[in-house]
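Below are the chains, spelled out letter by letter.
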Amino acid sequence: MSDSVLIIAYGNPLRSDDGIAWRVAEEISRTSSAATTLCVHQLTPELAKDISRPSAVIFIDSSCDGAPGEVRCNAVYADRSSENFSHSLAPDQLLSICKQLYESEPCGFLVSIAGECFDHGEILSASVMSALPQAVAAVKKLLERRSLLQA
Amino acid sequence: MAERRTIVIDPVTRIEGHSKITLHLDEQGQVEDARFHVTQFRGFEKFCEGRPYSEMPSLMARICGICPVSHLIASAKACDALLAVKIPPTAEKLRRIFGLAQVAQSHALSLFHLSSPDLLLGMDADPAKSNLFGVLEKNPGLARDGIALRKFGQEIIERLGGKRIHPAWVVPGGVSEPLSQEDRDEILKTIPEALAIAVRSLAWLKGTMERFRDEIASFGNFPSLFMGTVKDDGGLTFYDGKLRITDSKGQVVADGLDPKCYFDFLGEKVEPWSYLKSAYYKPKGFPDGIYRVGPLARLNVSDRCGTPRADQELAEFHELQRSAVLSSFHYHQARLIEILYCVERLEQLLNDPEILSTHVRASARPNELEGIGAAEAPRGTLFHHYKIDENGLIRWANLIIATGQNNLAMNRSVLQVAQRYVRGDKITHGMLNRVEAVIRAYDPCLSCSTHAAGQMALSVQLLNREGNVLDEVKRS
């Protein structure tokens, strides 16, 4: 396992606020070299191999819960209590697959941004757009924390 | 006298899209009819009208998140026909690579993520365990192999197309960018592992077959026609060739059929209970013209694969049943043989001296007002047919998708499985799962075939003769 950090932003940029995670990841990529970023539509089992290599993984997602624009940051752990799988996984499930198949347990964090509109469209709602800097800051804070921990 | 009843399975799980199954029972509790209903609708053929033809490959790729590459290729070929151009040889080879990577990753998804719980844990396994997590608990090596194989295909698609899902690299006239030496070399490095996985997965699957003798005998095990694209020498191909149709005895019914004339020999029928059209072979009429497409059909119609390991497996496959391989349970094995072929063929193409050529696109304005493109998608033969006006705007589009061509066979398969396993008025998980599992064997993609959005689910209803629901099982 390396000391690197992987950021996985997931959502559908053609579904309005569901695309906020990609925007955050693009901003991080543009302004920081502290992490590798990956933008995907959903979490699939193949990502378990990707997250087995870094020491930490930061998931970024939009959320249906909370006031529009609310940014939350939580640690996530390998958990397979919910084993229903059809086509996509939750971060804790993905970490669980990683642990079981690749014997790797990267630190996991989830930065979520509450969305307001998930209709077809590529434009973020005003409340979510205004939360973009805060979400970027939340991810950068995690990256700095990782740096501090490793120093 | 007992009542006639109907069992409804809603939704069907571990497939691509939304559907339900209805089983009609007679007074003795025996299944007398069964229907596979596709309950979603999208309408891509309609809303693309008025768009420039050059947008079609990218638009059509949006039909599916699993096999966008197949739609890209068929659509681009239809646009090539509108331009009336011959695309550069390297562009054709690169499209072939793209398509083979797509087949490998799509087949891996079907076999390892969706069907392996049934094959590894058994048809009667606890439904709470019949999923990927159950597989990785029982056989982590198999789960790792599935992930690695899917990743193998996806990463080739990403290297060529710039992204895994909905890449827009295939364009009318060729492809937009050549293959770099670095990407070629990186892909070649992944071939040995993919080959090893394909070989050991086949060994594993063949080792499980004995456990499923009963299912093999009743999972879509009936006479039908088979259709697939073959090369001039009768070899397996996914990109280009002529269509061959064989019967249940393995005899060639029609050969050298030009996909551009599909409307001469393929018909489509709309049933009021499904959004999925049923295709049939016109000379035999409906429904006698029932035919199957996809891995099982392709291997039945092909004389050879053209790569050493896949040819060995094909020879063994052809021995599974006398004459043609009729049981749809063998779609799984056919799928793995095709993965093996894809990996071997990818290596051949990547080592082709021309593959790094930078001449990968022909330019032209439209020279024809009608164009047809066909290719073998993972699930079977795919047709895109467009008509444009003098300004290059789409005026009419018709898509014939593999899943629609398997619709009659899927319905007959559900009936066969239900008649074998369903008795009386009690719905058991094992019965329900077998009815679903035969559908999974075909790996239907309902988002592709109906052009509808969403997830796949299964619904089984039990009705009396008045149509009242007596029992119902739904899954979401």
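Quick caveat: nothing in here was measured; it's all calculated off a predicted structure.

Enquirer: What's the story with the sheet that holds strand E4 (residues 71-76) of chain A in this structure? I'm lost.
Expert: Whenever strands of a sheet pair, they do so through backbone hydrogen bonds, lying parallel or antiparallel. All names here are of chain A. Strand order in the open sheet formed by five strands is E2-E1-E3-E5-E4, with mixed pairing between adjacent strands. A single partner strand is all that each edge strand has here, and the edge strands are strand E2 (36-40) and E4. Across the sheet, the axes of successive neighbouring strands diverge by a mean angle of 20 degrees, strand direction being ignored. With five bridges joining them, strand E1 (residues 5-10) and strand E3 (residues 56-63) adopt parallel strand pairing.

Enquirer: Can you help me understand the domain arrangement of chain B in this one?
Expert: Put simply, an interface is often sized by how much accessible area is lost when its parts join up. Residues and elements named next belong to chain B. Segmenting chain B into domains produces domain 1 (5-40 + 422-475) and domain 2 (86-221 + 327-363). Each partner contributes residues to the interface: domain 1 has 12 residues there, and domain 2 has 14 residues. When grouped by side-chain class, the residues that make up the side of domain 1 that touches domain 2 number five nonpolar, three polar and four charged.

Enquirer: Can you walk me through the pairing of strand E5 (residues 107-114) of chain A in this structure?
Expert: Regular strands place their side chains on alternate faces of the sheet. All names here are of chain A. Counting buried positions along E5 gives six out of eight residues, so the element sits mostly inside the fold. In terms of strand pairing, E3 meets E5 through eight bridges, oriented parallel. Of the residues in E5, the one forming a bridge with Ser62 is Ile113. Pairing of E4 with E5, which is carried by six bridges, proceeds in the antiparallel orientation. Bridging from a neighbouring strand, Ala75 pairs with Phe109 of E5.

Enquirer: What is the right way to read the sheet that holds strand E6 (residues 225-230) of chain B from this model?
Expert: All names here are of chain B. As summarised here, the arrangement of the four strands in space is E8-E7-E6-E11, forming an open sheet in which the pairing is mixed. The sheet terminates laterally at strand E8 (252-257) and strand E11 (291-292), the two strands that pair on one side only. Sheet analysis places E6 next to E11, joined by two bridges and oriented parallel. Along E11, the bridge assignment pairs Leu225 with Tyr291.

Enquirer: Which parts of the structure should I look at to understand the nonpolar core?
Expert: Nonpolar side chains in soluble globular proteins tend to end up buried together. Among the nonpolar cores identified, the biggest contains 134 residues, and Ala104, Ile337 and Val414 of chain B are the most heavily contacted of them. Looking at this core, the element that brings in the most residues is helix H4 (residues 89-121) of chain B, giving 14 residues. For this core, the two domains that each supply at least three residues are domain 1 (5-40 + 422-475) and domain 2 (86-221 + 327-363) of chain B. The residues touching Ala104 of chain B, leaving out its near neighbours within four places in the chain, are Leu149, Phe152, Gly153, Ile339, Cys342 and Val343 of chain B. Val5, Ile28, Phe59 and Cys98 of chain A belong to the second largest nonpolar core, which has 49 residues in total.

Criteria and cut-off values
- Counting starts from 1 at the beginning of each chain's written sequence and moves along it residue by residue.
- The lettering of chains begins at A and the numbering of ligands begins at 1, in the order of writing.
- Only residues with pLDDT of 70 or above have their local features reported here, since the model is predicted, and side-chain atom pairs are shown and tallied only from 80 upward, although totals for entire chains, interfaces and linings are computed over all residues.
- Here, a strand pair is defined by DSSP locating no fewer than two bridges between the strands.
- Each helix is a run of H or I in the DSSP string that is no shorter than four residues. Each strand is a run of E no shorter than two, and both are numbered from the N terminus.
- Where helices are involved, their axes are fitted lines through C-alpha atoms of the stretch in contact, as for all axes, and angles between N-to-C directions lie from 0 to 180°.
- Domain delimitation follows an automatic or database domain assignment.
- We call two residues in contact when the distance between their C-beta atoms, placed using the backbone, is within 7 Å.
- Three categories are distinguished: nonpolar for Ala, Val, Leu, Ile, Met, Phe, Trp, Tyr, Cys and Pro, charged for Asp, Glu, Lys and Arg, and polar for the others, with Gly belonging to the last.
- Working definition of burial: number of other C-beta atoms within 10 Å of the residue's own, with buried at 20 or more, exposed at 12 or fewer, and partly exposed in between, all C-beta atoms being placed from the backbone.
- Joined through C-beta atoms within 7 Å, a set of buried Ala, Val, Leu, Ile, Met, Phe, Trp, Tyr and Cys residues constitutes a nonpolar core.

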